[in-house]
Amino acid sequence: MSEHLIQIEQHGGVRVLRLNRPEALNAFTAVMLGQLRHALEAAADDGPTRCVLITGAGRAFSAGQDLADPHVAPSSDPAAAPKDIGHMLDHYYIPLALRLRSMPVPVVAAVNGVAAGAGANMALGCDLVLAAETASFIQAFSRIGLLPDCGGTWLLPRLVGRAKALELALLGDKLKAADAAALGLISRVVPDAELADAAMAVAQKLAGMPTRALVETRRAMDEALRLDFEPALKQEAVLQSQLGFAHDYLEGAAAFLDKRKPEFKDR
Ligand code: LHQ
């Protein structure tokens, strides 16, 4: 049996997925990416799980693709044909990025240390991103002759605008967590010692909320980014109509009127 490169814990409705190759700053190997995909599928299929929290073991969140992995490492034999590293994207990163963005529950990233390359963009693809004060984000791709992947070219300009997105991507400099928050790249920075508790509190709060409404909000916002104003208004009406027939709305509105705490259960 292969090692547990993704550690899985359950805390009530929160499924914690911990990237677990601390000796290599949680750099992704093909095996690890496969385990992460499997863990996300399992969380998506698990009814009681109402929020996923992704974090890293040790001092890093993730240093991105493991550059020593045989799938991408340049051959020491100059006569060997170059590898097509695009296969890693097609087979591992693209399905993973799509899965993250379409999870039936909200996904929180707790960035506990450096997040570089695909590690950074995997975090930025989550719904809420909290970071420790000493964490950092590096679009490390340009340093090694690549371009931002794992959604970077899509996410960065949308999150921070073209000028800053290009600055981050072209220079590949380390961005401190506080600067990432000031730019609007992430949602919140907390002292290192408080990250685990703060992220769990956010995840537990989300787990107690009307999951379907949260997930439709993510989907509607992603979709609205490519819509004009009027189609976006119409999309809201269609989705709101659907949510209006669901248990959680009926329960939420009734609980408000009854002055009691609602019990949400849709997923
Ligand atoms: C690593 C790595 C690493 C292997 C640290 N690999 N070992 C997709 C598909 C196809 C192809 C390519 O790419 C992609 C997407 C990508 O993600 S491309 C970007 C890949 N990532 C990087 O280029 C980042 C490389 N790492 C770094 O620049 C530094 O390690 C950072 C800035 C993250 C941290 O620096 P330090 O805190 O100084 O730590 P360190 O460099 O000393 O690393 C500690 C250990 O982790 C070290 O191993 P060692 O045996 O010497 O202790 C590193 O070799 C290993 N490690 N990143 N990506």
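S.K.: Go over the packing of aromatic side chains, please, and point to the residues and values.
M.R.: What the rule picks out here adds up to one aromatic pair. With centroids separated by 6.3 Å and ring planes inclined at 75 degrees, the aromatic side chains of F28 and Y93 adopt a geometry described as edge-to-face. In this pair, F28 is assigned in the loop between β2 (14-19) and α1 (30-45) and Y93 in helix α2 (residues 86-101), connecting sequence segments 65 residues apart. With a relative accessible area of 0%, F28 lands in the buried category. Owing to a relative accessible area of 3%, Y93 belongs among the buried residues under this scheme.

S.K.: Lay out the pattern of salt bridges in plain terms, naming residues and giving numbers.
M.R.: For the structure on display, the rule yields 13 salt bridges. Notably, a salt bridge pairs E230 with K234, separated by 3.3 Å at the nearest N-O pair. Of the two residues, E230 and K234 are both situated in helix α9 (residues 229-244); the distance of four residues between them amounts to about one turn of the helix. For K234, a relative accessible area of 52% puts it in the exposed group. Its salt-bridge partner being E251, residue R260 comes within 2.8 Å of it at the nearest N-O pair. Here R260 falls in the partly exposed class, since its relative accessible area comes to 38%. A cluster of three or more residues bridged by salt bridges with shared partners is formed by R37, E41 and R99.

Parameters and conventions
Residues numbered from 1 in each chain as written. Predicted model: local features only at pLDDT ≥ 70, side-chain atom pairs only at ≥ 80, totals over all residues. Heavy atoms only, no water. Phe/Tyr/Trp six-rings, centres within 6.5 Å; stacked < 30°, edge-to-face > 60°. Helix = DSSP H or I, 4+ residues; strand = E, 2+ residues; numbered from the N terminus. Buried < 20%, exposed > 50% of the residue type's maximum accessible area, 1.4 Å probe, protein only. Salt bridge = Lys/Arg side-chain N within 4 Å of Asp/Glu carboxyl O.

Purely geometric stuff here, so don't read any function into it on its own.
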